[in-house]
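# Observations on chain architecture
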Amino acid sequence: MSIKRIDVGSRMSGAVIHGNTVYLAGQVGEGESVTDQCKSSLAEVDRLLAASGSSKSKILQTIIYLSDIADFAEMNAVWEGWIDPANPPARATSEAKLAAPKYKVEFIVTAALD
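Remember, predicted model here, so these are calculated numbers, not experimental data.

Rules and cut-offs
Residues numbered from 1 in each chain as written. Predicted model: local features only at pLDDT ≥ 70, side-chain atom pairs only at ≥ 80, totals over all residues. Heavy atoms only, no water. 1 Å grid on protein atoms, 1.4 Å probe; cavity = no way out; pocket = protein on both sides within 12 Å on 5 of 7 lines; lining within 4 Å. Points joined across faces, edges and corners; volume = space filled by probe spheres on them. Nonpolar A, V, L, I, M, F, W, Y, C, P; charged D, E, K, R; others polar. Phe/Tyr/Trp six-rings, centres within 6.5 Å; stacked < 30°, edge-to-face > 60°. Helix = DSSP H or I, 4+ residues; strand = E, 2+ residues; numbered from the N terminus. Buried < 20%, exposed > 50% of the residue type's maximum accessible area, 1.4 Å probe, protein only. Pairing = 2+ DSSP bridges.

Next up on the list: the layout of surface pockets. Estimates place the volume of the largest pocket at around 170 Å³. Together, Met12, Ala25, Gly26, Gln27, Val28, Ala99, Tyr103 and Glu106 line the largest pocket. Among the residues making up the lining of the largest pocket, the classes are represented as five nonpolar, two polar and one charged.

If you want it as structure tokens, here you go:
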């Protein structure tokens, strides 16, 4: 099987397609609040999925890291407004120290191709 890389950088690719699956790099967003960062991150997930030939209705699994688990409800409010309610993915959420102190949330997405 071939491997296709999207948004290739010196350190990583934004997405990698192998077979009928697309793997997105962890997505962090801009903004001061968890809500703003979630919206920004999920917009980038949408963009990368579209560039890969997929969509949020095809997400298989999402792993979410929060820098503070106390932000769980705020993140969920954005998540629940964003996901395809007819096709919710498997999901795990945990607290973790993220790459930089300014980041509050990170989404790691695996999806099927359309």
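So, next bit.
This part takes up the packing of aromatic side chains. In this structure the tally under the stated criterion is two aromatic pairs. Between tryptophan 79 and tryptophan 82 the ring centres are 5.6 Å apart and the planes differ by 40 degrees, which places this aromatic pair in the tilted class. Note that tryptophan 79 and tryptophan 82 are positioned in helix 2 (residues 72–82) at a spacing of three residues, about one turn of the helix. A relative accessible area of 10% places tryptophan 82 in the buried class. Ring centres of tryptophan 79 and phenylalanine 107 lie 6.1 Å apart, and the angle between their planes is 10 degrees; on these two criteria the pair is classed as stacked.

With seven of its eight residues buried, strand 7 (residues 105–112) lies for the most part within the structure. Bridge count for strand 3 (residues 21–24) against strand 7 is three bridges, and the pairing is antiparallel. Among the inter-strand pairings, valine 22 is bridged to a residue of strand 7, identified as alanine 111. Examined bridge by bridge, strand 4 (residues 27–28) and strand 7 share two bridges and lie antiparallel to one another. Bridging from a neighbouring strand, glutamine 27 pairs with phenylalanine 107 of strand 7. One ladder, built from seven bridges, connects strand 5 (residues 59–66) with strand 7; its direction is antiparallel. Opposite glutamine 61, over in strand 7, you have threonine 110 as the bridge partner.

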